[in-house]
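# Close look at the chain arrangement
If you want the building blocks of each chain, they are given just below.
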Amino acid sequence: MGGPSAEREVSLATGKPCAAALRDTGHEVIEVDAGPDLCGVLQSIQPDAALNCLHGRWGEDGCVQGMLEWLGIPYSHSGVLASALAMDKQRSKEVYRAAGLPVVDSIIAPSDEVRTRHVMQPPYVVKPNNEGSSVGVYLVNEDANGPPQLDDDMPDHVMVEAFAPGRELTTTVMGTRPLGVTDIITDGWYDYDAKYKAGGSRHVIPADVPTEIYELCQDYAVRAHNALGCRGVSRTDFRWDESKGPSGLILLETNTQPGMTPTSLTPEQAQAAGISFGELCAWMVEDASCNR
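Residues numbered from 1 in each chain as written. Predicted model: local features only at pLDDT ≥ 70, side-chain atom pairs only at ≥ 80, totals over all residues. Heavy atoms only, no water.

### A word on the environment of Ala-19
- Among the structural elements, Ala-19 can be located in helix α1 (residues 8–24).
- Residues Ala-19 and Ile-30, eleven residues apart in the sequence, show an inter-C-alpha distance of 7.9 Å.
- If near-sequence neighbours (up to four positions away) are discounted, Ala-19 is found in contact with Val-29 and Glu-31. (Helix = DSSP H or I, 4+ residues; strand = E, 2+ residues; numbered from the N terminus. Contact = heavy atoms within 4.5 Å.)

### Remarks on the sheet that holds strand β4 (residues 157–162)
- Ordered in space as β1-β4-β2-β3, the four strands form an open sheet in which the pairing is antiparallel. At either end of the open sheet lies a strand with only one pairing partner, and these are β1 (106–110) and β3 (138–140). Geometrically, the sheet is characterised by an average inter-axis angle of 25 degrees between neighbouring strands, direction not taken into account.
- Two elements, β1 and β4, share five bridges in a ladder whose sense is antiparallel. The residue bridging Ser-106 from the neighbouring strand is Glu-161, located in β4. (Pairing = 2+ DSSP bridges. Axes fitted to C-alpha atoms, helices over the stretch in contact; angles between N-to-C directions.)

### Comments concerning helix α8 (residues 211–228)
- The end-to-end C-alpha separation of α8 is 26 Å, in line with the 26 Å expected for 18 residues at 1.5 Å each.
- Ile-213, Tyr-214, Leu-216, Cys-217, Gln-218, Tyr-220, Ala-221, Val-222, Ala-224, His-225 and Leu-228 are the residues of α8 that are buried.
- Positive phi appears at Gly-229, one or two residues downstream of α8, with a value of about 85 degrees. (Expected span 1.5 Å × (residues − 1). Buried < 20%, exposed > 50% of the residue type's maximum accessible area, 1.4 Å probe, protein only.)

### A short note on the nonpolar core
- Tyr-96, Leu-169, Val-209, Cys-217, Phe-238, Leu-249 and Leu-251 are the most contacted members of the largest nonpolar core, which has 24 residues in total.
- Mapped onto this core, the elements with two or more residues apiece are α5 (89–98), β5 (167–174), α8, β9 (233–240) and β10 (249–255).
- No other element matches the nine residues that α8 contributes to this core.
- Those residues within four positions of Tyr-96 in sequence are excluded, and the remaining contacts are Leu-101, Val-103, Ala-224, Leu-228, Leu-251, Leu-252, Glu-253 and Thr-254.
- The next biggest cluster of nonpolar side chains, apart from the first, holds 18 residues, and it includes Leu-12, Ala-19, Ala-21 and Cys-53. (Core = buried A, V, L, I, M, F, W, Y, C linked by side-chain atoms within 4.5 Å.)

### Quick look at unusual backbone geometry
- For the bond running from Pro-122 to Pro-123, omega is 5 degrees, close enough to zero to count as cis.
- The peptide bond linking Ile-205 to Pro-206 adopts the cis configuration, its omega dihedral lying at 0 degrees.
- By the element assignment, Pro-206 lies in the loop between β8 (202–204) and α8.
- At Asn-291, a position not held by glycine, the phi torsion is positive, near 55 degrees.
- Within the secondary structure layout, Asn-291 lies in the segment after α10 (277–286).
- According to the relative accessible area criterion, Asn-291 is exposed, its value standing at 69%.

### As for the pattern of salt bridges
- Tallied over the full model, the rule gives 14 salt bridges.
- Here Arg-91 ties to Asp-88 by a salt bridge, and the two come within 2.8 Å at their closest N and O atoms.
- Where salt bridges share partners, they join Lys-16, Arg-23 and Glu-31 into one cluster. (Salt bridge = Lys/Arg side-chain N within 4 Å of Asp/Glu carboxyl O.)

### Examining the side chain of Thr-170
- Structurally, Thr-170 is set in strand β5.
- Overall, Thr-170 belongs to the buried group, its relative accessible area being 0%.

### Quick look at the packing of aromatic side chains
- One pass over the structure, following the stated rule, counts one aromatic pair.
- Between Tyr-220 and Phe-238, the ring centres sit 6.4 Å apart and the planes meet at 35 degrees, which makes this aromatic pair tilted. Here the residue Tyr-220 occupies a position in helix α8, and Phe-238 occupies one in strand β9, the gap between them amounting to 18 residues. As far as burial versus exposure is concerned, Tyr-220 and Phe-238 are alike and both buried. (Phe/Tyr/Trp six-rings, centres within 6.5 Å; stacked < 30°, edge-to-face > 60°.)

### Brief notes about the environment of Arg-97
- Tracing the chain through its elements places Arg-97 in helix α5.
- Arg-97 sits in the partly exposed class, given a relative accessible area of 39%.
- With 130 residues separating them in the primary sequence, Arg-97 and Ala-227 have C-alpha atoms 9.9 Å apart.
- If near-sequence neighbours (up to four positions away) are discounted, Arg-97 is found in contact with Val-103, Val-104 and Asp-105.

The following block contains the structure:
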């Protein structure tokens, strides 16, 4: 857990309750804050399995997965290729399209160009192509006076994506099983604070949507999980424009290592499906393997 990415604090908030839950279910747990010496630390510990609670770059994009494969340590969640694909939003969209899944148009553009002109007709969203948890997300409204003034710490190239209006829905897949659909209700944009601060958003599970939409979310989530080659637990996010019915359901992205914080969606969905937090954590450990 932890690590050097922009999502370090969220990763720590994920790792600590997972460690506590695993101890409660009888596992011997060593908590490791991932630093430059991670390879040596793991060689010293020689664990039976690694529960990967890292978020963001290096921990979620195939890098740590490759190291764990090299060390021969069974690990949770997706393998090298699926992790790298899902973390690269533009490439994952190409996979979704090939699988017949609905996505909105997007381009990769230089940040300097995005700061100086509208590279796409508003409304649109600007985000890093390889971060998660709504880190560095800009919403440019239809009536925006000018292009977004991106922070200096944004990458040299960013994703610019057509804005998909509607409700925010999400579905967790555990192995091959969809756990349900949650409707995420916020006062505004579902940003980093809305995701992780207490009271930042309200989660309705099961989502109060037509049966057809509920089943479609679950179907799309499983198909996205399989198309990317995911393993273990993943969570796929959607936007749904009610005025368009089933054709208004758009797939946004798949998270290969969903948050497991007290406000996170995946533990809530598992609980609603009759799976306790401890059982979920234990399942991820038991599911761990190499060659994922």
